[in-house]
Amino acid sequence: MSERRERWARLRQRLWQPPRPHGEQPLQRDVGPLELFYDLVVVVLVGQAAHQLAGDLSWRGLAEFGAVFTLVWIAWLNGSLYHDLHGREDARSRTVLLAQLLALVPLGAFIPRAGDRGAVAFPVGAAVLFAVLALIWYLAGRPSEPRFRRSSLLFVAGTGACAVVLAATARLPPDARVTAWLLLDAAYLAGFSAMIGKAPPGLVVTSALIERFGLFIIIVLGETVVGVVDGLAHEPADALTIAVGLVAVVIGFGAWWTYFDFVGHRPPRPARASTVRWIITHLPFTAAVTAMGATMPSLVEHAHGGRTPAPLAWLLCAATALVLAAAMGIASSLQAWDDKRSLYRLLVRTCAVVAVLCPALAAARPAPLPIGLALVVLLAVPWSVAVTRRATWDVRP
């Protein structure tokens, strides 16, 4: 009986281990299927936000998209960092992830009516999600060393306060609610950046975390394909409509090319400021890619139009410009920037020129096929410049 109890105790210990202490996460590991499943569920919420934006290409629709998308991205960042810092391959870590999924799934169903008058389900659901996040971070931080405890409690307090504020916004009118969410997003990201910048010994960006960010970008890029397929499914299948859809896919492919050729799978500098910049700048890049996907159904729908509708043209071109600008923002935080300084400086100048041309293209508002082809050419310019640079000169720091 004694040996049996010992075996059960060892089994329980393996299945329900305490969270990994601060500073002990492995720097090199593979991303597991548990994390991929979590990312796929979060992208369902991203798709809901993109679908909502596609149906309301207005300033208010864009503001609501920005507020909701940023809340979802912050939640994804919380869950990803938690697993990278404290997660293990045991039943406890799976249960922690399941608790987040149980809060995320209903929240995805509430996104389409998040900003409607009298709709309280989304802010309450978001409050529940952030309360769950605060709880799991609190439980992970309790056994921390004293030097980590203060920053851990500050992070828990900030996340818990976010939950309280989200619940309070349920009583606000729609426009005030969206404004409150935008302010809350900005405050949370500012607090997160300040905490990471001062917390000892600073957040370490592991190989798994780099891979997670890249995989999340890939999955979000799938929204461009979903948007094209959705548009083609609701329109007559003629040559022009299909051509516009295929060009739209190439635009999404250009965003993939921009990220993974210039910044993907590359570590940031170990400095804290670079780490913060690397993390935070992924937010506008991911939001821009999602906005691209939101424009695709409408772009296909108006394939036969003489001019692209103004809201559609401006959103698509602005999202393309933001993809280029955010990619260079991420690049400035990389170790590779120091190794290939002349190449990246040339890319920054090139992307700045291309990003300025995007609003000019939006103002011209050509038909969907020409505007799509023009964006493909603009996205190809930085890559062509980089290839030419590497072929003709030695890359020196």
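Structure: above.
In this text the structure is predicted, and so the values were computed from the model without any measurement.

Scoring rules and cut-offs
Residues numbered from 1 in each chain as written. Predicted model: local features only at pLDDT ≥ 70, side-chain atom pairs only at ≥ 80, totals over all residues. Heavy atoms only, no water. 1 Å grid on protein atoms, 1.4 Å probe; cavity = no way out; pocket = protein on both sides within 12 Å on 5 of 7 lines; lining within 4 Å. Points joined across faces, edges and corners; volume = space filled by probe spheres on them. Helix = DSSP H or I, 4+ residues; strand = E, 2+ residues; numbered from the N terminus. Nonpolar A, V, L, I, M, F, W, Y, C, P; charged D, E, K, R; others polar.

Enquirer: How should empty space enclosed by the protein be read in this particular structure?
Expert: To find leftover empty space, a probe the size of one water molecule is rolled over the atoms. By the definition in use, this model includes 3 cavities of 30 Å³ or more. For the largest cavity, the calculated volume is near 80 Å³. Lining the largest cavity are Glu35, Tyr38, Gly79, Ser80, Tyr82, His83, Ser93, Val96, Leu97, Gln100 and Arg212. Taken together, the elements giving at least two residues each to the lining of the largest cavity come down to α2 (33-54), α3 (59-86) and α4 (91-110). Among the residues forming the lining of the largest cavity, the class breakdown is 4 nonpolar, 5 polar and 2 charged. Its volume calculated, the second largest cavity comes out at about 60 Å³. Lining the second largest cavity we find Ala49, Gln52, Leu53, Gly61, Glu64, Phe65, Val68, Ile111 and Ala114. Of all the elements in the fold, those that place two or more residues in the lining of the second largest cavity are α2 and α3. The element that contributes the greatest number of residues to the lining of the second largest cavity is α3, accounting for 4 residues. Here the residues of the lining of the second largest cavity are counted per class, giving 6 nonpolar, 2 polar and 1 charged.

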